[in-house]
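Secondary and tertiary structure notes
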Amino acid sequence: MSILEYNGAAMIAMAGKNCVGIAADRRLGMQAQTVSTNFQKVFPMGDKLYVGLAGLASDVQTLHQLLEYRLSLYELNEERKMSPQVFSTLLSNVLYSKRFGPYFIEPIVAGLDKDNKPVLSGSDLIGASVSTDDFVVSGTCTGNLFGMCETLYKPDMDPDQLFETLAQALLASVDRDALSGWGGVVHIITPTGVMTKELKGRQD
Amino acid sequence: MARRYDSSTTTFSPEGRLHQVEYAIEAINNAGTCVGILAKDGIVMASERRITSGLLAPAKTSEKTYKLCDHAACNVAGLTADANILIDQARIYAARNHYVYQDPIPVEQLVEHVCNYKQAYTQYGGLRPFGVAFLFAGYDIHHGFQLYQSDPSGNYSGWKATVIGSNNQAGKSLLKTEYKEEAPSVQEALMLAVKVLNKTMDGTAASVEKMELFRMTLDEDGNCQHHILTAEEAKDVIDSVAAEASSSGDS
């Protein structure tokens, strides 16, 4: 049993034309047993910046609170909002600072920079990050997620198409994974605001 | 006679005074005035901007008003360099408290923490005290809106209205007569604050460049709003105070 697979998770972040979407499942389990069907794994860190935390649930919550702490101090001192690239770097550094006793989290970051261009990045549990322009995935069924995204993704989708793609990719991936699923949530971030929708999927 | 006892911060004089602390307070009485007023539905803080040179490029939004956390802000009178250290301390403490308890820090606790930090410099180490006085404005669900004043000794007290910095005695005496038993509205408090600054800055005409007006209120969702008045909004307040003064002069 791997600690990263103890609670279960599935998440995708994907870029569209001047928009990004981030989607995650809702399950919280303790190995085989399902404990919650509305566990939050994607968090808004600013109005155009979202972070998805996949992995050990305790670390999901702690890391979220820690990132909020770091973000609020940054905004007080710098008197400006943190950009997605800077946030991604901060996240990497926080994770690496625990190199020899890590947070069991494999996060994804999705946001729009100041020119409203999509910013996507993902990292491993010790802070090695990658930046992409199409999609990033994380969780207990990354094989499924990569396959679905690679198949369904096309560049320059509008917000509605992006929503459909994210929803279908997520739902199909979690159905073949025992540890993730039990519903989903999708956030589409556009220059004018964020659209959030809950997904109805197989409740098993 | 006090000479022998004033070089060390951590020694009492025979009269039971800490001279270094008193000298620090003197430094603040030469600094730009700050007035704070508790209103029914918020808090108002106004400060005198001392523009030392037209060539100065401002690095931050304000050198008098600082946000400490979502629900607290402070005004500074005294050595800005000293103030920066204490403000960093306060911000980190408030943020850390929020991280640990996932709850906003009660305002008095934040004030007391900053004051305890200042007090240490009057008792240990042989370092000089901080030459700063603060006006803290904050909101929490336990006690609503609160206004606190603190000085280099580390002492603090809660106020309905108070003044720090140069000519604070003149400001305080004006507040004593003008601050009504029933708390003013934020708009009335802004006008009263400008009146106080007019008095403490006597000789120099009131103008938007010389005054900074700040108000803290709650929005419909119960979240604290920090707002430094724009030049236009400040001008409106200053003009209405001037209008009121001239009309009452006529009658």
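In what follows, the accompanying structure is described. Quick caveat, the model's predicted, so the values are computed rather than measured. (Residues numbered from 1 in each chain as written. Chains lettered and ligands numbered in written order. Predicted model: local features only at pLDDT ≥ 70, side-chain atom pairs only at ≥ 80, totals over all residues. Heavy atoms only, no water.)

Facing the 12 residues of chain B at the interface are 9 residues of chain A. When residues of the side of chain B that touches chain A are traced back to their parent elements, those giving at least two are β3 (65-69) and α3 (80-101) of chain B. With 6 residues, the top contributor of residues to the side of chain B that touches chain A is α3 of chain B. Considered class by class, the residues forming the side of chain B that touches chain A number 5 nonpolar, 2 polar and 5 charged. (Contact = heavy atoms within 4.5 Å. Helix = DSSP H or I, 4+ residues; strand = E, 2+ residues; numbered from the N terminus. Nonpolar A, V, L, I, M, F, W, Y, C, P; charged D, E, K, R; others polar.)

Turning next to the sheet that holds strand β2 (residues 20-25) of chain A. All names here are of chain A. Across the sheet, 5 strands lie side by side as β10-β1-β2-β11-β12; this open sheet has antiparallel pairing. Single-partner strands in this sheet number two, and they are β10 (135-139) and β12 (193-199). Across this sheet, the average inter-strand angle for adjacent strands is 10 degrees, counted without regard to direction. Sitting on the sheet, helix α3 (residues 142-152) touches β1 (10-15) and β10, and the angle it makes with β10 is about 160 degrees. Seen against the sheet, helix α4 (residues 159-174) touches β1, β2, β11 (184-190) and β12 and runs at an angle of roughly 155 degrees to β1. (Pairing = 2+ DSSP bridges. Axes fitted to C-alpha atoms, helices over the stretch in contact; angles between N-to-C directions.)

On to the nonpolar core. Ranked by size, the top nonpolar core spans 44 residues in total, and within it V35, I37, L175 and L213 of chain B carry the most contacts. Residue contributions to this core peak at 9 residues, all from helix α6 (residues 186-200) of chain B. Those residues in contact with L175 of chain B that sit more than four places away from it in its chain are V35, I37, A161, T162, V163, L192 and V196 of chain B. By size, the runner-up hydrophobic cluster in this structure holds 27 residues, among which are F39, L53, Y69 and L90 of chain A. (Core = buried A, V, L, I, M, F, W, Y, C linked by side-chain atoms within 4.5 Å. Buried < 20%, exposed > 50% of the residue type's maximum accessible area, 1.4 Å probe, protein only.)

Now for the sheet that holds strand β4 (residues 72-78) of chain B. Hydrogen bonds along the backbone pair up the strands of a sheet, which may run parallel or antiparallel. All names here are of chain B. Here 5 strands make up an open sheet; going across it, the order is β3-β4-β5-β6-β7 and the pairing antiparallel. On the outer flanks of this sheet lie β3 and β7 (156-158), each paired with one strand and no other. The sheet shows a mean angle of 25 degrees between the axes of neighbouring strands, taken without regard to direction. Across 3 bridges, strand β6 (residues 144-150) lies against β7 in antiparallel orientation. Bridge assignment links S150 to a residue of β7, and that residue is Y156. Seen against the sheet, helix α4 (residues 107-120) touches β3, β4, β5 (132-140), β6 and β7 and runs at an angle of roughly 160 degrees to β5.

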